[in-house]
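Residue-level listing of the chains:
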Amino acid sequence: MEVKTSLLDNMIGVGDMVLLEPLSEDSFLENLKKRFDHNEIYTYIGSVVISLNPYRSLPIYTPDKVEEYRNRNFYELSPHIYALADEAYRSLRDQDKDQCILITGESGAGKTEASKLVMSYVAAVCGKGQEVNKVKEQLLQSNPVLEAFGNAKTVRNDNSSRFGKYMDIEFDFKGDPLGGVISNYLLEKSRVVKQPRGERNFHIFYQLLSGASDDMLKKLKLERDFSKYNYLSLDSATVSGLDDAANFRTVRNAMQIVGFMEDEMQSVLELVAAVLKLGNLDFKPESRCNGMDESRVKDKNDLKEMCELLGIEQSVLERAFSYRTVEAKMEKVSTTLNVAQAYYARDALAKNLYSRLFSWLVTRINESIRAQAKTRHKVMGVLDIYGFEIFEDNSFEQFIINYCNEKLQQIFIELTLREEQEEYVREGIEWTNIEYFNNAVICDLIENNQNGILAMLDEECLRPGTVTDETFLDKLNTICAEHQHFESRLNKNSKFLNDHSLPHNCFRIQHYAGKVLYRVEGFVDKNNDLLYRDLSQAMYKANHSLIKQLFPEGNPAKVNLKRPPTAGFQFRASVGTLMGNLQTKNPNYIRCIKPNDKKAAHIFTDSLVRHQVRYLGLMENVRVRRAGYAFRQAYEPCLERYKMLCKNTWPHWKGPARQGVEVLMTDLQVPAEEFAYGRSKIFIRNPRTLFFLEEKRKQCLEDLATLIQKIYRGWKCRSHFLLLKKSEIVVAAWYRRYAQQKKYQKIKHSTTVVQSYTRGWQARKLLRELKYQKKCEEAVTTIAAFWHGTQARRELRRLKEEARRKHAVAVIWAYWQGLKVRREYRKFFRANAGRKIYNFTIQRIMQKYFLGLKSNLPSMSPIDKSWPARPYSFLEGVHAELRRIFHLWRCKKYRSQFTEEKKAVYEEKLEASELFKDKKALYPSSVSQTFKGDYLEMVKNPKYQKLSSAIDEKILLADVVNKINRANGKSSPRLFLLTKKSVILADQKTGQVKTSLPLPDLSSVSTSTQSDGFFALKLKEVRRKWFEVYLFF
Ligand SMILES: Nc1ncnc2c1ncn2[C@@H]1O[C@H](COP(=O)(O)OP(=O)(O)OP(=O)(O)O)[C@@H](O)[C@H]1O
Ligand SMILES: [Mg+2]
């Protein structure tokens, strides 16, 4: 549910000055101060926003804030510039009303910042899309460009706008921006040539010198040093917090975004450089024969460089600083310029050059940002114009600026009243006349076509004869003497004759915002704004496209003898157009106030603010707003806000809102003269009534809050109680369940125990019975078994006895028979029987022996030494022989499996064994290794190819050995090669043969008995030198 808020909620002081009670200047200031101290820099007067410059960045312009104020009613949230911007944008978009936002205030009050905030808010809330974003970006980026060329540091403001600016932002029917048009008003061009103490020239000069690259400066014939240029005051050349170099980059970037071409940017900078160069021109007098002094350029270097920059012929420009051609009645007269006139001409040229460049920039930006579509546009104008100025020394510029503010005040009063009146008519409320000060009379004093000050100044400027500022003042004194807002010492009006605060060369005007004393000196000159024709013609001749455009009057083909319009005339005309433009739009006001002169945060200087409140006519504003009805509110929000004050409307009113409000007011007994019912709004005459309602509402809210609190607490306690109760039932139920479960489990357990005991007892009883039964059966069986056993044994004994007897009988019988046979046959077989029996027995024994041996033979491994034991000692010889035969047979079998190669290997092994077995400790470990001979693989290895090809015999052994040097015992690796005829030692790395020993030269080869790889070759006497060679592997 959306929460309806109101400006009246959580107010610090009062958010709308219309509600200030009692209304006085003091209470007004106190309210402003109170809000300012709480960082509330915005306050309303009805729909007008007062903005106090905080001089520090506040966190109130974030994207969240934009969202907060988006599509909310003006009075719904606390005062903010976004509320005004939103209101203006929504009525432009939804009600098709063109808007203008008028931002006024004195220098440094925050007008430019406010205008940028409005633009950025509108940019944030309006439509999106690639094209729209580009337009937005171009509109926003026009600001840095114009600020660089039109703003300067003054004592009042480090970024003071020295021109007036009005920007029309154009939107399509959906509220998407299409483009814009900028109008500029009266640039303070005098600043180009001279700046008051503590102030600077326009930012661009400093930005260019600080930010341009060395290359660019060289192209522009400039040096980085500010002190080299007479037009740049060194007083505040650098401003703290202002980074000129970075700003230069920003400006160039902004120019690119806006649509400036690279060559256009270059031309612009060339002109800026030319102005700086111009300021360095100095003149010296040169006497002429007619006794007149003629000026001459002193040091021509700057002039030369400037002419090169702008493509001007040096002699033409030089002449223009020495002569002046006056055309009168088709006749050209050339007069010389003295040094003072030459300086005047130089400055006039610089001022004109710069101000025309500025106007060209505005036109160029307009070309880029102007809406392309020809359809009807909705327009939002933003006016950021210089505020009312009262200096110690006020001149023509202040006069013009104050005139502009006077006109704005007029339009402000007119439009505020008109709006007020229109609203009354719209709402059907009777219009009561409002007393207010109408400054039309002051505007008339200045702009009246016959006897207005500006008209008289023009008249004076155009008049033939000697014209001075004094003659102008005289004229004013005669014509305006009777005017109630004009004051002069030389006035016929005796009132000011003795007023010493009013010097003779001054006049004073009582503006709506206070009295301002103007010094007439320079009025005529500044109004004339003359540039000698020779100079404009010299400029026109320049070979520089931009300069040519800026001085069209220098075109000799279009010589116009008519004087150009005066500055005052031009300004009056442009202000007239502006006012006409503003009157067609719905105005929205932002009135900026500067809280202190120190540009410091948190300081609220009472007197300064009071002064501004006065001259901005804010009290007047409040009074006008309150003159009829101080407060108005649509019926719905009004009923919504106060419905709790009446039983009939609380909590819901079923009928129309207006009736609800009527019931409410009647019930509250608000006096009838205190309010009026409009068509859609209720109008409350006095803030007191509103505060009465607010107070009642507050009380009621408190009561309601108490009631709500009471009901809430009751509800909370009851809910808590019910919860406890419910919980208690649940807990009890759970507990009971738990207890029952426990009890049941206990009973169940006991039952099981009892049951198990019973079953156990029964089982044991049964078991006992079964066991007894089994025992009985076993006893029977045992007895039976014993019985059967006894029977069987008895039978067995009997049978055995019987068998023994039978055997004994048989043996006896056999012996008896044998005896009988032997006795019988002794006489026949006595000689051979013994031998046969013996042979038969021996035969049987041998048979048994062989069969036993056959099945008991050892394995076929030749190294298996096992052999069955000898069964009979008489077989010893046979047994040993059989063992030997078996072994030989086994070896033969083993040998028969050998291939020829394997055989050769074994023969080698055999030979080696004969040589080394039991003589060399290393021998047993080498037996398992196969002898390769050519360990180096001489033939395959490409490294030894050369060596192997050098040896034409078969290599029997090739390996790497270390040859020990007999002199020092050091070893060196050698390739050891053995052939059938010789031993060869070769270098291991190169493979080069070092030594070749024919085998016959060797007397012996010796090795040690230890487990090393040493061997020595002993040579015969013939090779004495090499008697012994020690080598090892
Ligand atoms: N809303 C703001 N928040 C923070 N700082 C602000 C705000 N408004 C103004 N300022 C500060 O005050 C300075 C002056 O403001 P700004 O240039 O807008 O004054 P101005 O009224 O345009 O003056 P001038 O008439 O000289 O151009 C700004 O440079 C900025 O530092
Ligand atoms: Mg400004």
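Structure's up top.
The paragraphs below set out a description of the structure included in this document. Note that this is a predicted model, so its numbers are computed, not measured. (Residues numbered from 1 in each chain as written. Chains lettered and ligands numbered in written order. Predicted model: local features only at pLDDT ≥ 70, side-chain atom pairs only at ≥ 80, totals over all residues. Heavy atoms only, no water.)

### Some thoughts on the pattern of salt bridges
Side chains carrying opposite charge are able to pair once their charged atoms draw close together.
Right, on to step 1. Going through the model one piece at a time under the given rule, you end up with 65 salt bridges.
Right, on to step 2. When the shortest N-O distance is used, the salt bridge between E487 and K515 registers 3.2 Å. Here E487 is found in strand β13 (residues 486-488), whereas its partner K515 is found in strand β15 (residues 514-519), with 28 residues between them in sequence.
Right, on to step 3. Accessibility expressed as a relative area gives 1% for E487, which makes it buried.
Right, on to step 4. A residue is classified by how much of its surface remains accessible, and K515, at 46% relative accessible area, is partly exposed.
Right, on to step 5. R610 is paired through a salt bridge with D606; the nearest N and O atoms lie 3.3 Å apart. You can see R610 and its partner D606 sitting in helix α22 (residues 606-615), four residues apart, about one turn around the helix.
Right, on to step 6. Within the structure, one salt-bridge network assembled from shared partners comprises E25, D26, D606, R610 and R614. (Salt bridge = Lys/Arg side-chain N within 4 Å of Asp/Glu carboxyl O. Helix = DSSP H or I, 4+ residues; strand = E, 2+ residues; numbered from the N terminus. Buried < 20%, exposed > 50% of the residue type's maximum accessible area, 1.4 Å probe, protein only.)

### Focus: the site of ligand 1
Right, on to step 1. Near ligand 1, the surroundings consist of 17 residues, among which S107, K111, T112, S160 and S161 are the closest.
Right, on to step 2. Within the backbone of G108, an N or O atom sits 2.8 Å from an oxygen atom of ligand 1.
Right, on to step 3. Contacts to ligand 1 include N157, whose side-chain N or O atom sits 2.9 Å from an oxygen atom.
Right, on to step 4. Surface burial for ligand 1 is 85%, taken as the share of its 630 Å² of free accessible area covered by protein chains. (Near = heavy atom within 4 Å. Polar contact = N/O pair within 3.5 Å; in protein donor to acceptor, adjacent residues only side chain to side chain. Areas by Shrake-Rupley, 256 points an atom, 1.4 Å probe, with all protein chains shown as cover.)

### Let's talk about the packing of aromatic side chains
Right, on to step 1. Applying the stated criterion to the full structure yields 37 aromatic pairs.
Right, on to step 2. With centroids separated by 5.7 Å and ring planes inclined at 70°, the aromatic side chains of Y629 and F683 adopt a geometry described as edge-to-face. Here Y629, found in the loop between α23 (618-627) and β17 (631-634), pairs with F683, found in strand β19 (residues 681-684); they are 54 residues apart in sequence, far enough to count as distant.
Right, on to step 3. We classify F683 as buried; its relative accessible area is 0%.
Right, on to step 4. With 6.5 Å between their ring centres and 40° between their planes, Y635 and Y677 make a pair best called tilted. Of the two residues, Y635 is situated in helix α24 (residues 635-642) and Y677 in strand β18 (residues 675-677); the sequence distance between them amounts to 42 residues.
Right, on to step 5. Under the relative-accessibility criterion, Y635 is labelled buried at 3%.
Right, on to step 6. Note on Y677: relative accessible area 24%, which makes it partly exposed. (Phe/Tyr/Trp six-rings, centres within 6.5 Å; stacked < 30°, edge-to-face > 60°.)

### Structural notes on the coordination of the magnesium ion (ligand 2)
Right, on to step 1. For the magnesium ion (ligand 2), the full set of protein donor atoms is T112 (OG1) and S161 (OG), and the range of their distances to it is 1.9 to 2.0 Å. With T112 in helix α4 (residues 111-125) and S161 in strand β5 (residues 160-161), this pair connects stretches of sequence that are 49 residues apart. Each member of the pair T112 and S161 is classed as buried. (Donors = N, O, S within 2.8 Å, 3.2 Å for Na, K, Ca; no water.)

### Re the pairing of strand β6 (residues 164-171)
Right, on to step 1. Within β6, eight of the eight residues are buried, which leaves it mostly tucked inside the rest of the structure.
Right, on to step 2. Of the two faces of β6, the one lined by G164, Y166, D168 and E170 and the one lined by K165, M167, I169 and F171 are each fully buried.
Right, on to step 3. Here β6 folds back onto strand β7 (residues 177-185), and the loop between the two strands holds five residues, one of which, G175, carries a positive phi near 90°.
Right, on to step 4. Sheet topology note: the β6/strand β12 (residues 378-384) ladder contains seven bridges and is antiparallel. Residue F171 lies in a different strand from β12, and its bridge partner there is K378. (Pairing = 2+ DSSP bridges.)

### A look at the environment of D703
Right, on to step 1. The residue D703 is located in helix α26 (residues 687-829) in this model.
Right, on to step 2. Along the backbone, D703 and R623 are 80 residues apart, and their C-alpha atoms lie at a distance of 35 Å.

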